[in-house]
Amino acid sequence: MIIGVLSLEFRLHGNDSLKGKRKVVQSLKTKARNKFNVAISEVDALDVHEKIVLAAVTVANDTNKVESRLAKLLGMLEDIAPAELVNVETEVFSNTD
């Protein structure tokens, strides 16, 4: 079992409300789930108007499949996000039992 985690931090310049931020977050999460069937959630800075921190998780039986899915997800989110991507971290975990 291979588990991949993609952590992303965005800056939402000019946003002055949590309502506006939540609209952007919900749109990104829905599109990621629908296209890539990943679990995705806002994981930090929940009450900060101009910062979005998301984490997406996927599971497969092949490291290449996990890495490919996360790379494609990253590309899509970079393309559609109305915010500046300021940090990306990818981690892949393997169960070697």
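All values derive from a computational prediction rather than experimental measurement. (Residues numbered from 1 in each chain as written. Predicted model: local features only at pLDDT ≥ 70, side-chain atom pairs only at ≥ 80, totals over all residues. Heavy atoms only, no water.)

Engineer: Kindly report on the confidence of the model for the chain, identifying the contributing residues and their values.
Structural biologist: Within the chain, residue pLDDT values average 92, and 98% of them lie at 70 or more. Considering each helix and strand of the chain separately, the mean pLDDT is smallest for helix 1 (residues 18-36), with a value of 93, and largest for strand 1 (residues 2-11), with 96. (pLDDT = per-residue confidence, 0-100. Helix = DSSP H or I, 4+ residues; strand = E, 2+ residues; numbered from the N terminus.)

Engineer: Outline helix 2 (residues 63-80), listing residues and values.
Structural biologist: Between its first and last C-alpha atoms helix 2 spans 26 Å; for 18 residues at 1.5 Å apiece the expected length is 26 Å, and the two agree. Within the span of helix 2, buried status applies to Val 66, Leu 70, Leu 73, Leu 74, Met 76 and Leu 77. Projected down its long axis, helix 2 carries its buried residues within an arc of 165 degrees, all on one side. Facing away from the buried side of helix 2 by more than 90 degrees, the exposed set consists of Asn 64, Lys 72 and Asp 79. Buried residues along helix 2 sit against strand 1, helix 1, strand 3 (51-60) and strand 4 (84-94). (Expected span 1.5 Å × (residues − 1). Buried < 20%, exposed > 50% of the residue type's maximum accessible area, 1.4 Å probe, protein only. Arc of directions from axis to C-beta. Contact = heavy atoms within 4.5 Å.)

Engineer: Account for the nonpolar core, with residues named and values stated.
Structural biologist: Core analysis: the biggest nonpolar cluster contains 24 residues, and Phe 10, Leu 54 and Leu 73 have the highest contact counts within it. Among the secondary structure elements, those contributing two or more residues to this core are strand 1, helix 1, strand 3 and helix 2. Broken down by element, the residue count for this core peaks at 6 residues, all from helix 2. Among residues more than four places away in sequence, those in contact with Phe 10 are Glu 50, Lys 51, Ile 52, Leu 54, Leu 77, Ala 81, Ala 83, Glu 84, Leu 85 and Val 86. (Core = buried A, V, L, I, M, F, W, Y, C linked by side-chain atoms within 4.5 Å.)

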